[in-house]
Amino acid sequence: MDALTCIKKLGYVGVLDFATVDEDGAPQVRNISAIHYEGTDIYFLTARGKYFASQLRRDGRVQILGYTRYKETIRVSGRAEEVPEDEQLKWRNVLYEEQPYLENVYPGETKNIDTIFVLREYAIEYFCLSTRPITREYFAVGIARVKPKGYAVTDACVGCGACLAVCPQNAIGEGAPYAIDRNHCLQCGNCAEHCPVGAIRRVCG
Ligand code: SF4
Ligand code: SF4
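Residues numbered from 1 in each chain as written. Chains lettered and ligands numbered in written order. Predicted model: local features only at pLDDT ≥ 70, side-chain atom pairs only at ≥ 80, totals over all residues.

This part is about the overall build of the protein chain. Looking only at helices and strands, the protein chain has six helices and 14 strands in total. Counting only residues that meet the buried cut, the protein chain has 25% of its 205 residues in that class. Long-range contacts, defined here as pairs at least 24 residues apart, represent 62% of the contacts in the protein chain between residues at least 6 apart. (Helix = DSSP H or I, 4+ residues; strand = E, 2+ residues; numbered from the N terminus. Buried ≥ 20, exposed ≤ 12 C-beta atoms within 10 Å, placed from the backbone. Contact = placed C-beta atoms within 7 Å.)

And the structure:
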C-alpha cells in the first residue's frame, strides 16, 4: 500500500465523509461527492455560504473518511486551503465535467456561489479488517506529519506474557521489553488492561 493507492481507492468509493470543527469545537460531518483527484491533491467543491466553507476558512482542519467494499478504512487528516481566485474557474470546470449532476444543483449563473478547496499535505491512516492479522499503515503526503497512535510497551515490562495471551491479533512479540507491532494492532487496549505492572501505555499523538 502507498499514499497514491489509498487516494485512488477513495476515488472508487466516491462519496466521502468530510469532518470539520465548528466555532464551539464541536464535530461537524457531511457527505461530499464533488471531489477531484489530481495526483495526491484532493480538490473539493462547496458553496461560499455553507457552514462547511466557513469552518474550513476559519480553522482549515479537515478529516476525510472512506470505507471500501474490501473493509478498508482510509482516513485523511490535513488542513485545506481555498484555491486562489484566479484558479477557481479552472477547477470548478474540472469538477463540473467529472460530476455532471452539479449542473442540476447549481444551474446557470448560480454556480458562481461555488468555491473550491484543496488538500495538498496530509496524513493517511489505512486500516484493513479483511486481513489476518488486521493491517494498519500510515503515510504522510507533503510535509504533513503522521501522529503516532496506539499502544507501546515501556521498560517497566517484566516479561510475564499476559499481554501476548490476550491480544486478539497476535500483534505482540516477545522480548525485553515485549513489543507491539503497530501495523497489526487494533488499538483495542486489551493488553494494557491485563498488564500486571502497567507497562503498556497509550501513545498520544
Ligand atoms: S503483560 Fe506487561 S509485563 Fe507482561 S509481558 Fe506484557 S507488557 Fe510485559
Ligand atoms: S491494543 Fe489490542 S490489538 Fe493492539 S497489541 Fe494490545 S491487545 Fe493487541
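Picking up after the structure, the text goes on.
Glancing now at the environment of Ile143. In this structure, Ile143 sits in the loop between β10 (135-141) and β11 (150-153). Taking the C-beta count within 10 Å as the criterion, Ile143 has 7 such neighbours and is therefore assigned exposed. The spacing of Ile143 and His184 is 41 residues in sequence and 25 Å in space, taken between C-alpha atoms.

Our focus in this paragraph is the site of ligand 1. Near ligand 1, the surroundings consist of 14 residues, among which Cys157, Cys160, Ala162, Cys163 and Cys195 are the closest. Partitioned by chemical class, the residues of the shell around ligand 1 number twelve nonpolar, two polar and no charged. (Near = placed C-beta within 6 Å. Nonpolar A, V, L, I, M, F, W, Y, C, P; charged D, E, K, R; others polar.)

This part takes up the sheet that holds strand β9 (residues 122-128). Pairing is antiparallel in the open sheet, where six strands are placed in the order β2-β1-β5-β6-β9-β10. At either margin of the open sheet sits one strand with a lone partner, and together these are β2 (27-32) and β10. This sheet shows a mean twist of 20° between the axes of neighbouring strands, independent of strand direction. In this sheet, strand β5 (residues 61-67) lies alongside strand β1 (residues 16-21) in antiparallel orientation, the contact comprising three bridges. Looking across to β5, one finds that Ala19 is bridged to Gln63. Packed on one face of the sheet, helix α2 (residues 51-58) meets β1, β2 and β5 and runs near 55° to β1. (Pairing = 2+ DSSP bridges. Axes fitted to C-alpha atoms, helices over the stretch in contact; angles between N-to-C directions.)

Surrounding ligand 2, one finds 14 residues, the nearest of these being Cys167, Cys185, Leu186, Cys188 and Cys191. Tallied by class, the residues present in the shell around ligand 2 amount to ten nonpolar, four polar and no charged.

We now examine unusual backbone geometry. Note the cis peptide between Arg132 and Pro133, where omega equals 0°. By secondary structure assignment, the location of Pro133 is in the loop between β9 and β10. A cis amide bond links Ala176 with the next residue in sequence, Pro177, at an omega value of 5°. Residue Asn170 is not a glycine yet carries a positive backbone phi of 50°. For Asn170, the position within the fold is in the loop between α5 (162-166) and β12 (172-173). For Gln187, which is not glycine, the phi torsion reads 65° and is therefore positive. Position of Gln187 relative to the elements: it lies in the loop between β13 (179-180) and α6 (190-194). Classification of Gln187 as partly exposed rests on a count of 14 C-beta atoms within 10 Å.

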